[in-house]
Amino acid sequence: MKPYQPAKLLRLHFTERDRCQGKPLYEAVIDKCRELKIAGATVFRGLEGYGDTAEIHRSHVLHRDLPIIVQIVDSAENIGRLLPVVEAMMDTGLIAVSDVSVIRVEKAP
Amino acid sequence: MLSKGSAKKVTIYVNEDTQRNLKALYESILTFLMNKGVAGATATRALAGFGGHRVLHTPNVEALAEHLPIRIEFIETAEKLEEILPTLYDMVSDGVIEVQDTNVLKVSMKKRAPEPKTPHERRAGSAKLMRIFLGEADRWHGEPLYDAIVKQLRMMEIAGATVYRGILGYGAKGHTHKKSFLHVSKDLPVMISVVESEEKLKQAAEAIESMLEDGLIVVSDVEIVRLVRSAPPEEAAD
């Protein structure tokens, strides 16, 4: 078994309706992560939630406004590089960073 | 009480019409096993067969249809078997008793009636949270990998696991997992989260690492607050 490496886990909480330069914010965040060569990022959509504005986010008949969580795992250095960039992109939302240990499993092709 | 691990499997072959104390022998045996608290026993009627008397018992010949073979099977611990085997030996006047070593993998019992709702107990402590990142299209011996991982965790008696499907992402494989109107992606990102004690999680991580092709295992320290129902009073053993 490979040893655990220390790393950081970054979680961004915002909603599906948040946009950045015309496209959904979560897509913009993923594109930015790629641009900054961040190891990986995953977007999850919640079922229901509420946040800063105390507005319940759920699926409406005509439009969707569900909570979005983006999870990013990378070295402390890379997360530090990414943080100010995503902070500038986000309007309202939450950014949480935690310490984690990781094993990266990669099999030779 | 039967539990996981090594045990003995007993198979008894008798005739359907063999009598003991005016009752069918197989019924006497089952009643005896039940009274002795054996975990469970099953009697099956065979389609056809022959035994020591060199007569082929088959449903095709009416006169022989009443002598069809019955097979009784049960699994018990070696100690329990030692206790009941002498009586069984005596009971089976006409037939065969076979004992073999076996390995019990799972013993589970469905609750007979829903438990009355009792107030929960709060248990707090530190534990580890493990997140496993993989792709929905990853497979393990023909079945979805996330399915296989959850089954593996279950077999290892890990407290619980939840599978999440992401809507967008990229990672080890370098390609974007995305679902759009025009093409339905079958390879969305998947995350499995597991909360367990450090020791058990370490075993689980080792097992999962060997199953993952590419992916990421992320472990962090968490504080847990478990809400558990207090166990109902033990029923008297029947």
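Before reading further, recall that the structure is shown in the block above.
Source: prediction; values computed, not measured.

Undergrad: Honestly, the interface of chain A and chain B in this entry has me stumped. Any pointers?
TA: Interface size is commonly expressed as the accessible area that is lost once the parts come together. Across the contact, 24 residues belong to chain A and 23 residues belong to chain B. For the side of chain A that touches chain B, the element with the most residues is strand 8 (residues 94-106) of chain A, which contributes nine residues. Class assignment for the residues of the side of chain A that touches chain B results in 13 nonpolar, four polar and seven charged. Where strand 4 (residues 41-45) of chain A meets strand 12 (residues 161-170) of chain B, four bridges bridge the pair, whose relative direction is antiparallel. Residue pairing across strands places F44(A) opposite G166(B), the latter belonging to strand 12 of chain B.

Undergrad: How should the sheet that holds strand 1 (residues 5-15) of chain B be read in this particular structure?
TA: Strand pairs in the sheet, formed through backbone hydrogen bonds, run parallel or antiparallel to each other. Residue and element names in this part refer to chain B. Read across the sheet, four strands follow the order 4-7-1-8 without closing on themselves; strand pairing throughout is antiparallel. Across the chains shown, the open sheet's two edge strands, defined by having one partner strand only, are strand 4 (41-45) and strand 8 (95-104). Here the strands of the sheet are splayed against their neighbours by 20° on average, with no regard to which way each runs. The sheet contact formed by strand 4 and strand 7 (residues 69-76) spans five bridges and is antiparallel. Within the sheet, the bridge partner assigned to R45 lies in strand 7 and is I70.

Undergrad: Can you walk me through the environment of N60(B) in this structure?
TA: Residues and elements named next belong to chain B. Its location among the elements puts N60 in the loop between strand 6 (56-57) and strand 7. Taking the number of C-beta atoms within 10 Å as the measure of exposure, N60 has 8 and is therefore exposed. Spatially, the C-alpha atom of N60 lies 10.0 Å from that of L47, the residues being 13 residues apart in sequence.

Undergrad: Which parts of the structure should I look at to understand the pairing of strand 14 (residues 189-196) of chain B?
TA: Looking down a regular strand, the side chains alternate between one sheet face and the other. Residues and elements named next belong to chain B. Summarising burial for strand 14: six of the eight residues are buried, a large majority. Here strand 9 (residues 120-135) pairs with strand 14 via eight bridges, running antiparallel. Within the sheet, the bridge partner assigned to M130 lies in strand 14 and is V194.

Undergrad: Could you clarify how one ought to interpret unusual backbone geometry in this entry?
TA: Glycine aside, residues mostly have negative phi angles, and peptide bonds mostly take the trans form. All names here are of chain B. Of note, the phi angle at H141 is positive, near 45°, even though the residue is not glycine. Considering the arrangement of structural elements, one finds H141 in the loop between strand 10 (139-140) and strand 11 (143-144). You will see that E157, though not glycine, has its phi angle at about 60°, which is positive. Mapped onto the elements of the fold, E157 is located in the loop between helix 3 (145-155) and strand 12. The exposure class of E157 is exposed, given the 10 C-beta atoms found within 10 Å.

Undergrad: Just to check I follow, could you spell out the packing of helix 3 of chain B against helix 4 (residues 198-211) of chain B for this structure?
TA: When two helices pack together, their arrangement is given by the angle between the helix axes and by the axis-to-axis distance. All names here are of chain B. Direction vectors running N to C along helix 3 and helix 4 enclose 155°, while the axes themselves pass 11 Å from each other. In terms of orientation, helix 3 and helix 4 fall into the roughly antiparallel class. Of the two elements, helix 3 crosses helix 4, and the hand of that crossing is right-handed. Of the residues in helix 4, those touching helix 3 at L145, A148, I149, Q152 and L153 are A204, A207, I208 and M211. Partitioning the contact of helix 3 with helix 4 into residue classes produces eight nonpolar, one polar and no charged.

Undergrad: Would you take a moment to explain helix 3 of chain B for this structure?
TA: An α-helical segment advances 3.6 residues per turn. Residues three or four places apart therefore align on the same side. Residues and elements named next belong to chain B. Of all the positions in helix 3, only L145, Y146, I149 and L153 are classed as buried. On an axial view of helix 3, the arc spanned by its buried residues comes to 100°, and they lie on one face. Away from its buried face by more than 90 degrees, helix 3 exposes D147, R154 and M155. Following helix 3 by one or two positions, E157 has its phi on the positive side, about 60°.

Undergrad: I keep staring at the packing of helix 1 (residues 25-35) of chain A against helix 2 (residues 76-89) of chain A and nothing clicks. Help me out?
TA: Residue and element names in this part refer to chain A. At a closest axis distance of 11 Å, the pairing of helix 1 and helix 2 adopts a crossing angle of 155°. Classified by the angle their axes make, helix 1 and helix 2 are roughly antiparallel. Helix 2 is crossed by helix 1, and the crossing has right-handed handedness. Taken together, the residues of helix 2 that come into contact with helix 1 (itself represented by L25, A28, V29, K32 and C33) are L82, V85, V86 and M89. Broken down by class, the residue content of the contact of helix 1 with helix 2 amounts to eight nonpolar, no polar and one charged.

Scoring rules and cut-offs
Residues numbered from 1 in each chain as written. Chains lettered and ligands numbered in written order. Predicted model: local features only at pLDDT ≥ 70, side-chain atom pairs only at ≥ 80, totals over all residues. Contact = placed C-beta atoms within 7 Å. Helix = DSSP H or I, 4+ residues; strand = E, 2+ residues; numbered from the N terminus. Nonpolar A, V, L, I, M, F, W, Y, C, P; charged D, E, K, R; others polar. Pairing = 2+ DSSP bridges. Axes fitted to C-alpha atoms, helices over the stretch in contact; angles between N-to-C directions. Buried ≥ 20, exposed ≤ 12 C-beta atoms within 10 Å, placed from the backbone. Parallel < 35°, antiparallel > 145°, perpendicular 65-115°, else oblique. Left-handed = near helix turned anticlockwise from the far one by under 90°. Arc of directions from axis to C-beta.

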